[in-house]
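# Structural description and commentary
Given next are the chains, with one letter for each unit.
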Amino acid sequence: MTNFDDRAKDWDSDPMKVQRARIVADAIRAAVDIQPGMSALEIGCGTGLLSFALREDFASITLADTSQGMLDVLSDKIEAAKAANMRPLRLDLVVDPLPAERFDVVYSLMALHHIPDTDRILRRFSEVLNPGGWLAVADLDKEDGSFHTDGSADIHHGFERHKLQKQVEAAGFTNVHFSNVYTIHKTIGNEPRAFPLFLMMARKRNYLPSLTPAPSPDGRWERGSRENVNFSKSNSSPGAVPSPDGRGEARKMSISTKAIRLQAQSPLPMGEG
């Protein structure tokens, strides 16, 4: 039994944790253009406080944790709330096989600092996201190691934002930015302390595959080149693809998100507190 198993039944009784989850949920909601039908994955979900605050926003939410005690409490909450769009999952994303589903948003709250291999988990976040998907991580700014006074096996004493940004970008993300999202106040040795939390938002880079060979007007086959393609909500013509009779015919493409310009790049190798 882990430390989190022991604490699971009383987890939601802490008003600070409930407030923190609601504030982070508001910040994620403000940062992400959530569309109908979108799916989400929470890593290190605990009893699901953050996902319950977001459950009306997503068509489906998968809540993953390694603590069976937390998942047991979560399952009872999901059943009591009749939250049909929420699914608990025992998963260690660092070592377990990837789930079959791919998600539009991956988020975590006070989980990243408990995961030893930051680079690997960031790559795994990228792998379970759809192209252009969002990553939202709320966690501790760098601290002196005094935050955990309850015996938790803290792995990282928070993060330096500029260093974490480089790791996130190396894992296949772009548009990385940080904001101050919450401050945890504690008394340590009769001294009041403040521990700020950041919210880091990032987008998974979109890699355009090589185009399928298409006949050129003179009848020869040639492979299309990688180019910038402009996608928008409305139908648009990113380029002409020759039809079998040799006439150029615009292929219309659309997506359901905001108009965005995607720049093709070569893919990278993949491998609570």
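What counts, and where the lines are drawn
Residues numbered from 1 in each chain as written. Predicted model: local features only at pLDDT ≥ 70, side-chain atom pairs only at ≥ 80, totals over all residues. Heavy atoms only, no water. Core = buried A, V, L, I, M, F, W, Y, C linked by side-chain atoms within 4.5 Å. Buried < 20%, exposed > 50% of the residue type's maximum accessible area, 1.4 Å probe, protein only. Helix = DSSP H or I, 4+ residues; strand = E, 2+ residues; numbered from the N terminus. Contact = heavy atoms within 4.5 Å. Phe/Tyr/Trp six-rings, centres within 6.5 Å; stacked < 30°, edge-to-face > 60°. Lys NZ or Arg CZ within 6 Å of the ring centre and 35° of its normal. Pairing = 2+ DSSP bridges. Right-handed = clockwise from strand over helix to strand, strands pointing away. Axes fitted to C-alpha atoms, helices over the stretch in contact; angles between N-to-C directions.

### Let's talk about the nonpolar core
- Within the largest apolar cluster, 43 residues are counted, with the highest numbers of intra-cluster contacts made by Ile 28, Leu 50, Phe 58, Val 105, Tyr 107, Leu 109 and Leu 197.
- Elements with a contribution of two residues or more to this core: α2 (15–31), α3 (49–54), β2 (60–65), α4 (68–81), β4 (103–109), β5 (129–140), β6 (173–188) and β7 (191–204).
- If we ignore the near neighbours within four places in the chain, the residues touching Tyr 107 are Ile 28, Ala 40, Leu 41, Glu 42, Ile 43, Leu 50, Ser 51, Leu 54, Phe 58, Ile 61 and Ala 136.

### Section: the packing of aromatic side chains
- Summed over all chains, the structure comprises three aromatic pairs.
- Centre to centre, the rings of Phe 178 and Phe 198 are 5.3 Å apart; their planes meet at 70°, and the pair counts as edge-to-face. On the criterion of sequence distance, the pair formed by Phe 178 in strand β6 and Phe 198 in strand β7 is long-range, its members being 20 residues apart.
- We classify Phe 198 as buried; its relative accessible area is 0%.
- Cation over ring: Lys 186 sits above Phe 147, and NZ or CZ is 3.8 Å from the ring centre.

### A look at the pairing of β4
- The buried count for β4 comes to six of seven residues, which makes it a mostly enclosed element.
- Where strand β1 (residues 39–43) lies against β4, three bridges are found, and the strand directions are parallel. Paired with Ala 40 across the bridge in β4 is Val 105.
- Relative to β5, β4 runs parallel, the two being bridged by six bridges. Bridge assignment links Val 105 to a residue of β5, and that residue is Trp 134.
- Crossover connection from β4 via helix α5 (residues 118–128) to parallel β5: handedness right-handed.

### Comments concerning the sheet that holds β1
- Here seven strands make up an open sheet; going across it, the order is β3-β2-β1-β4-β5-β7-β6 and the pairing mixed. Where the open sheet ends on each side, the last strands, each with one partner, are β3 (86–90) and β6. Mean inter-strand twist for the sheet, computed between neighbouring axes without regard to direction, equals 15°.
- Where α2 meets the sheet, its contacts fall on β4, β5, β6 and β7, and the angle it forms with β6 comes to roughly 160°.
- Across the sheet, α4 touches β2 and β3, and the angle it forms with β3 is around 165°.

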